[in-house]
Amino acid sequence: MKLTDAEEQLMEMIWDRDRVFMKDLIESYPDPKPATTTIATLLKRMQNKGFVGYELMGNSRQYFPLVKKSAYFSKQVKGLINNFFGSSAMQFASFFTKETDLSAKELEELKK
């Protein structure tokens, strides 16, 4: 299942901290900060999608990831390759190396 851009941004914060309270998530946003209800809605949707769990700590919820960052991004890259490059990792690699400004050294490292 895919996260929206807003969910992905919030998920990045959760992955970075591993366990976090909502107040800490809100503080992580730049100004103007989103409303508490907005963050609560995003967290609820992410729970329903199976990305986030929580543990009650008194009256507060401590959120934690249920999906590893590497697993999520691996699935997204595979989907990108399937959808845009006909399931060809070679076509993706060719496109990636042509469209990015990699140095000769970086290209050599990729070969290895």
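For clarity, every value in this text was computed on a predicted model and none was experimentally measured.

**Notes on the pattern of salt bridges**
Phase 1 of the analysis: Inspection of every chain in the model, using the stated rule, returns seven salt bridges.
Phase 2 of the analysis: The salt bridge partner of lysine 69 is glutamate 12, with a shortest N-O separation of 3.0 Å. With lysine 69 in helix 4 (residues 69–84) and glutamate 12 in helix 1 (residues 5–17), this residue pair connects regions lying 57 residues apart in the sequence.
Phase 3 of the analysis: What makes glutamate 12 partly exposed here is its relative accessible area of 25%.
Phase 4 of the analysis: The partner of glutamate 55 in a salt bridge is arginine 19, with the nearest N and O atoms 3.3 Å apart. Taken as a pair, glutamate 55 in strand 2 (residues 52–57) and arginine 19 in the loop between helix 1 and strand 1 (20–21) lie far apart in primary sequence, 36 residues in all.
Phase 5 of the analysis: Connected through shared salt-bridge partners, Glu7, Arg45 and Lys49 make up one network.

**Structural notes on unusual backbone geometry**
Phase 1 of the analysis: Omega for the bond connecting aspartate 31 with proline 32 falls within 30 degrees of zero, at -5°, which places this linkage in the cis form.
Phase 2 of the analysis: Of note, proline 32 is situated in the loop between helix 2 (22–28) and helix 3 (36–48).
Phase 3 of the analysis: The residue aspartate 18 is not glycine, and still its phi comes out positive at about 75°.
Phase 4 of the analysis: Given the relative accessible area of 45%, aspartate 18 is considered partly exposed.

**Comments concerning the packing of helix 1 against helix 3**
Phase 1 of the analysis: Relative to each other, helix 1 and helix 3 sit at 85°, their axes nearing to 10 Å. On the basis of their axis angle, the class for helix 1 and helix 3 is roughly perpendicular. Contacts between helix 1 and helix 3 pair Ala6, Glu7, Leu10, Met11 and Ile14 from the former with Ile39, Leu42, Leu43, Arg45 and Met46 from the latter.
Phase 2 of the analysis: Of the residues assigned to the contact of helix 1 with helix 3, the class counts are eight nonpolar, no polar and two charged.

**Some thoughts on the domain arrangement of the chain**
One frequent convention defines the size of an interface as the accessible area lost when the parts assemble.
Phase 1 of the analysis: Domain boundaries assigned for the chain yield domain 1 (5–65) and domain 2 (69–110).
Phase 2 of the analysis: Using C-alpha coordinates to define each centre, domain 1 is positioned 30 Å away from domain 2.

**Quick notes on the sheet that holds strand 3 (residues 60–65)**
Phase 1 of the analysis: Sheet architecture is open: three strands sit in the order 1-3-2, paired in antiparallel fashion. What marks the edges here is a single partner per strand, and that holds for strand 1 and strand 2.
Phase 2 of the analysis: Bridge count between strand 1 and strand 3: two bridges; the pairing is antiparallel. Residue valine 20 lies in a different strand from strand 3, and its bridge partner there is tyrosine 63.
Phase 3 of the analysis: The strands that helix 3 touches are strand 2 and strand 3; relative to strand 2, the one it contacts most, it runs at about 115°.

Conventions used here
- Residues numbered from 1 in each chain as written.
- Predicted model: local features only at pLDDT ≥ 70, side-chain atom pairs only at ≥ 80, totals over all residues.
- Heavy atoms only, no water.
- Salt bridge = Lys/Arg side-chain N within 4 Å of Asp/Glu carboxyl O.
- Helix = DSSP H or I, 4+ residues; strand = E, 2+ residues; numbered from the N terminus.
- Buried < 20%, exposed > 50% of the residue type's maximum accessible area, 1.4 Å probe, protein only.
- Axes fitted to C-alpha atoms, helices over the stretch in contact; angles between N-to-C directions.
- Parallel < 35°, antiparallel > 145°, perpendicular 65-115°, else oblique.
- Contact = heavy atoms within 4.5 Å.
- Nonpolar A, V, L, I, M, F, W, Y, C, P; charged D, E, K, R; others polar.
- Domains from an automatic or database assignment.
- Pairing = 2+ DSSP bridges.

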